[in-house]
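Listed here are the chains, written in short residue letters.
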Amino acid sequence: MTQLALVIDLNVCVGCHACVTSCKEWNTSGWAGPLADFNPYGPDPHGTFFNRVQTFEVGEYPNTMVVHFPKSCLHCEEPPCVPVCPTGASYKREEDGIVLVDYDKCIGCKYCSWACPYGARELDEHQKVMKKCTLCVDRIYDESLPEAERRPACVLACPTNARLFGDVHDPDSEVSVAIREQGGYALMPEWGTKPANHYLPRRRTELRIRPDELIRADNPLKKEGVPPKPPKDQPTLDETTSW
Amino acid sequence: MHPAFSVILLTTLIGVGQGLFLAIYTSQLYALARLLPMPDHQRFFALGSAVAVGFLVLGLFASFFHLGRPERAWRSAARWRTSWLSREVILLPLVVMLVAAYGLIHGLGWTRPLFVIRGALPVDASLLVGALATVAVFALFVATGMIYASIRFLREWASPLTVFNFILLGGASGFTLAAAFSAWVGSGPTRFYGTWAVILTVAGAVTRLASLYRNARLAPKSTLQSAIGVRHPRIRQITQGAMGRTFNNREFFHGASPRTIAAVRWFFLLAVFAIPVALLATAYVLSSVWIPAAAFAVQYAGLVAERWYFFADARHPQNLYYQQVA
Ligand code: SF4
Ligand code: SF4
């Protein structure tokens, strides 16, 4: 079985919001109607987004690290948001594991958003239905696009390549390898929702050098230090003579 | 959670309607067992059922304001196999219909016994429909409670106490209304209703205080560490990724100060439990039609506050991601 998902590398993400804007651009102009904004250029602008980049500070000054944290629906393998939906508008696709909302069936009761611990769903105030990341389901299968572009808009937009996309059930896919080899983890594992999306941790790149590695101890005849000067009647350390 | 008035009204109003029906039907059963005199209650039962239906329909009406797309509400009966909300949507109209049928049977006087069990227990149509309605009423209480109790992320709600509170508080307010109503129209076993109203109110106080006690000691299961997957005791959000307000800021935060919350708690503890019990007790001594009516009015106002508090009390794990608008 296929389970499409994103893997987001927090070590690479610079918090530029390119994924946010490209997601908004693609999904507001798609077949499913706009992702409404209110007052976009006035005071108090607000609207619906599938994806938000948040920023956290870890540690205390001066020992701090900034973590940029893109957040969208994690397409959980045990999605708690699906069974609670009274209309069946929320569903998980058998064929690729994408969790979707049927905007024509949704009654906007918001119950599913209560049942998502990640706050991944937002009610569209214009259409009055629940919205969330679709993994660009209207683009990843579009055969009129070149093969390389059949990926979610956010993945294509990311300038640092922090977002990987693929099948996390295929052990040899790029995403599975990344999760396996770079410590990929799931958010809030305590709830047993089994998010399909994974995150790769922040890793400080450090050069570890021990003090004794700074002093050359291997060849006493090389440049540093004073070369030994044994007396003439004694053999030298190597085949050369020091006098 | 943000307390939504449509849902507060829905749950309190249908609770009253369900409780009022249970009160009426219980008194019919008592009269049948000759534990209560059986005067001419027919008209009273019919009127009382009409009032119960009124409360249920008002609640149903209020619920539509909660929906973004009320015109599609019929679709919500589809997933009764998995969704408690869907089950409630099916049960509520069923309860309305059964209670209305029960009232109609009394109103039209179709209460000639259909058959007599062992020569002692005359069974009429109202008894049968009433029994069905009672089952439906309890199923509806459970469905309404489980809507909240089944969301495991809201740990303040995810407890059997939630369901007991819905049953007992709904029942208490219904019996109080039955006492007020029968005192008002001057027929019906007012004292019987009053006594049960006090019993249910005290039982409700026990379960509600138990849930307050439980919730005050609940440690959140999710932390910022598990939310973003960084192991460090000091993590602070710098920005939630949006300058404007979002759905997540509105739906999951109540925005009230701790002082307001505490004030609401004290108000509902007095108005739902202490004051109605005191008023119903006084009503035993002074037989005024106003005192039970006042008891119901105070208790209902208290229940609105109680439900508000119920929402404000619940802390959603998603709030960890929405700490800092910047
Ligand atoms: S992240 Fe939330 S909305 Fe997405 S599948 Fe999981 S529970 Fe459902
Ligand atoms: S808001 Fe829509 S998708 Fe969510 S539970 Fe209600 S009907 Fe289902």
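Whatever comes next refers back to the structure up there.
Residues numbered from 1 in each chain as written. Chains lettered and ligands numbered in written order. Predicted model: local features only at pLDDT ≥ 70, side-chain atom pairs only at ≥ 80, totals over all residues. Heavy atoms only, no water.

J.: Go over the overall build of chain B with me, naming the residues and quoting the values.
T.: Helix and strand counts for chain B come out as 10 helices and 3 strands. What you see in chain B, going N to C, is helices and strands ordered as α-α-α-β-β-α-α-α-α-β-α-α-α. In terms of its C-alpha atoms, chain B occupies a principal-axis envelope of roughly 75 × 45 × 35 Å. Residue burial in chain B is summarised as follows: out of 326 residues, 53% are buried. Considering only residue pairs separated by 6 or more positions, chain B has 80% of its internal contacts joining residues 24 or more positions apart. Total accessible area on chain B is roughly 14,400 Å²; 70% of this is exposed by carbon and sulfur atoms. Separation between the mean location of the 26 positive side-chain charges and that of the 8 negative ones in chain B comes to 9 Å. (Helix = DSSP H or I, 4+ residues; strand = E, 2+ residues; numbered from the N terminus. Buried < 20%, exposed > 50% of the residue type's maximum accessible area, 1.4 Å probe, protein only. Contact = heavy atoms within 4.5 Å. Areas by Shrake-Rupley, 256 points an atom, 1.4 Å probe, with all protein chains shown as cover. Lys, Arg positive; Asp, Glu negative; His and termini not counted. Charge placed at Lys NZ, Arg CZ, Asp CG, Glu CD.)

J.: With reference to specific residues and values, describe the site of ligand 2.
T.: Neighbouring ligand 2 are 13 residues; A:Cys85, A:Cys106, A:Cys109, A:Lys110 and A:Cys112 lie closest to it. Across the shell around ligand 2, the residue classes break down as 9 nonpolar, 3 polar and 1 charged. (Near = heavy atom within 4 Å. Nonpolar A, V, L, I, M, F, W, Y, C, P; charged D, E, K, R; others polar.)

J.: Outline the interface of chain A and chain B, supporting the account with residue identities and numerical values.
T.: Bring the parts together and some accessible area is lost; that lost area is often taken as the interface size. Chain A puts 55 residues into the contact, and the matching count from chain B is 60 residues. Here chain A meets chain B over a buried area of about 4,800 Å², counting both sides, of which 58% is carbon and sulfur. Where chain A meets chain B, there are 5 salt bridges. Measuring nitrogen to oxygen at the nearest pair gives 2.9 Å for the salt bridge that ties B:Arg236 to A:Glu57. The tally of links between chain A and chain B comes to 35 residue pairs in polar contact (both at pLDDT 80 or more). Among the elements that take part in the side of chain A that touches chain B, strand 4 (residues 52-60) of chain A stands out by supplying 9 residues, more than any other. Of the residues belonging to the side of chain A that touches chain B, the class tally is 29 nonpolar, 13 polar and 13 charged. (Buried area = accessible area lost by both parts, 1.4 Å probe. Salt bridge = Lys/Arg side-chain N within 4 Å of Asp/Glu carboxyl O. Polar contact = N/O pair within 3.5 Å; in protein donor to acceptor, adjacent residues only side chain to side chain.)

J.: Quick one: what's the story with the sheet that holds strand 1 (residues 4-9) of chain A, residue by residue and with numbers?
T.: What links the strands of a sheet is backbone hydrogen bonding, and the strands pair in either a parallel or an antiparallel sense. Residues and elements named next belong to chain A. Here we have 3 strands laid out as an open sheet, ordered 10-1-11, and mixed in their pairing. A single partner strand is all that each edge strand has here, and the edge strands are strand 10 (163-167) and strand 11 (198-200). Looking at each pair of strands side by side, their axes are set apart by 25° on average, direction ignored. Relative to strand 10, strand 1 runs antiparallel, the two being bridged by 5 bridges. (Pairing = 2+ DSSP bridges. Axes fitted to C-alpha atoms, helices over the stretch in contact; angles between N-to-C directions.)

J.: I'd love a proper account of the layout of surface pockets, names of residues and values included.
T.: Approximately 420 Å³ is the volume found for the largest pocket. As for the largest pocket, its lining consists of 24 residues, of which B:Leu10, B:Ser63, B:Leu85, B:Glu88 and B:Val89 are closest to the centre. Secondary structure elements with two or more residues in the lining of the largest pocket: helix 2 (111-114) of chain A together with helix 1 (5-32), helix 2 (42-64), helix 3 (84-107) and helix 4 (125-149) of chain B. It is helix 3 of chain B that contributes the most residues to the lining of the largest pocket, 6 residues altogether. When grouped by side-chain class, the residues that make up the lining of the largest pocket number 18 nonpolar, 5 polar and 1 charged. Roughly 340 Å³ of internal volume is contained in the second largest pocket. In terms of lining, the second largest pocket is formed by 18 residues, of which the most central are A:Lys110, A:Leu123, B:Phe247, B:Arg250 and B:Glu251. Put simply, the parts of the chain that give the lining of the second largest pocket at least two residues each are helix 1 and helix 8 (247-251) of chain B. Counting residues per element, the lining of the second largest pocket draws most heavily on helix 8 of chain B, at 3 residues. Considering only residue class, the lining of the second largest pocket consists of 8 nonpolar, 5 polar and 5 charged. (1 Å grid on protein atoms, 1.4 Å probe; cavity = no way out; pocket = protein on both sides within 12 Å on 5 of 7 lines; lining within 4 Å. Points joined across faces, edges and corners; volume = space filled by probe spheres on them.)

J.: If you had to explain the side chain of B:Gln237 to someone new, which residues and values would you point to?
T.: Inspection of the secondary structure assignment puts B:Gln237 in strand 3 (residues 235-239). For B:Gln237, a relative accessible area of 4% translates into the label buried. Within polar-contact distance, the side chain of B:Gln237 engages the backbone oxygen of B:Tyr321 at 3.0 Å. Among the polar contacts listed, one links the side chain of B:Gln237 to the backbone nitrogen of B:Gln323, at a separation of 2.7 Å. Residue contacts for B:Gln237: discarding those within four places in its chain leaves A:Gln54, A:Thr55, A:Phe56, B:Leu320, B:Tyr321, B:Tyr322, B:Gln323 and B:Gln324.

J.: Account for the site of ligand 1, naming residues and giving values.
T.: Around ligand 1 sit A:Cys73, A:Leu74, A:His75, A:Cys76, A:Pro80, A:Cys81, A:Val99, A:Cys116, A:Tyr118, A:Ala120, A:Arg121 and A:Lys132, and that is every residue in its neighbourhood. Residue composition of the shell around ligand 1, by class: 9 nonpolar, 1 polar and 2 charged.

J.: An account of the nonpolar core is requested, with residue identities and associated values reported.
T.: Among soluble globular proteins, nonpolar side chains are generally buried collectively. By size, the foremost hydrophobic cluster in this structure holds 150 residues, and its most contacted members are A:Trp114, B:Tyr148, B:Trp157, B:Tyr193, B:Phe311 and B:Tyr321. When residues of this core are assigned to their parent elements, the largest contribution, 13 residues, is made by helix 1 of chain B. In contact with B:Tyr193, not counting residues within four places along its chain, are B:Ala23, B:Ile24, B:Ser27, B:Phe44, B:Phe45, B:Phe175, B:Ala178, B:Ala179 and B:Ser182. Residues A:Ala5, A:Val168, A:Val175 and A:Ile179 belong to the second largest nonpolar core, which totals 9 residues. (Core = buried A, V, L, I, M, F, W, Y, C linked by side-chain atoms within 4.5 Å.)

J.: Tell me about the packing of helix 2 of chain B against helix 5 (residues 160-185) of chain B, residues and numbers included.
T.: Residue and element names in this part refer to chain B. Where helix 2 contacts helix 5, the two axes come as close as 11 Å, and the packing angle between them is 135°. In terms of axis orientation, helix 2 runs oblique to helix 5. Helix-helix and strand crossings are classified by hand; for helix 2 and helix 5 the assignment is right-handed. Across from Phe44, Leu47, Gly48, Val51 and Phe55 in helix 2, the residues of helix 5 making contact are Leu177, Ala178, Phe181, Ser182 and Val185. For the contact of helix 2 with helix 5, the residue count by class is 8 nonpolar, 2 polar and no charged. (Parallel < 35°, antiparallel > 145°, perpendicular 65-115°, else oblique. Left-handed = near helix turned anticlockwise from the far one by under 90°.)

J.: Tell me about the sheet that holds strand 5 (residues 63-71) of chain A, and name the residues and values.
T.: The 3 strands lie next to each other as 5(A)-4(A)-3(B), forming an open sheet whose pairing is antiparallel. Pairing within the sheet leaves two strands with one partner each, and these edge strands are strand 5 of chain A together with strand 3 of chain B. Taking each pair of neighbouring strands and ignoring which way they run, the sheet shows an average axis angle of 30°. In this sheet, strand 5 of chain A lies alongside strand 4 of chain A in antiparallel orientation, the contact comprising 9 bridges. Within the sheet, the bridge partner assigned to A:Gln54 lies in strand 5 of chain A and is A:Phe69.

J.: Pulling in residues and values, what's your account of the pattern of salt bridges?
T.: Oppositely charged side chains can pair when the atoms bearing their charge come close. Residues and elements named next belong to chain A. Enumeration according to the criterion identifies 17 salt bridges over all chains in this entry. One salt bridge connects Arg93 with Asp96, and the closest N-O pair in it is separated by 2.8 Å. Residue classification places Arg93 among the buried positions, given a relative accessible area of 18%. Across the pair Asp124 and Lys131 runs a salt bridge whose closest N-O atoms are separated by 3.1 Å. Exposure remark for Lys131: the relative accessible area of 2% places this residue in the buried category. Here the salt bridges share partners, and the residues they tie into one network are Arg93, Glu95 and Asp96.

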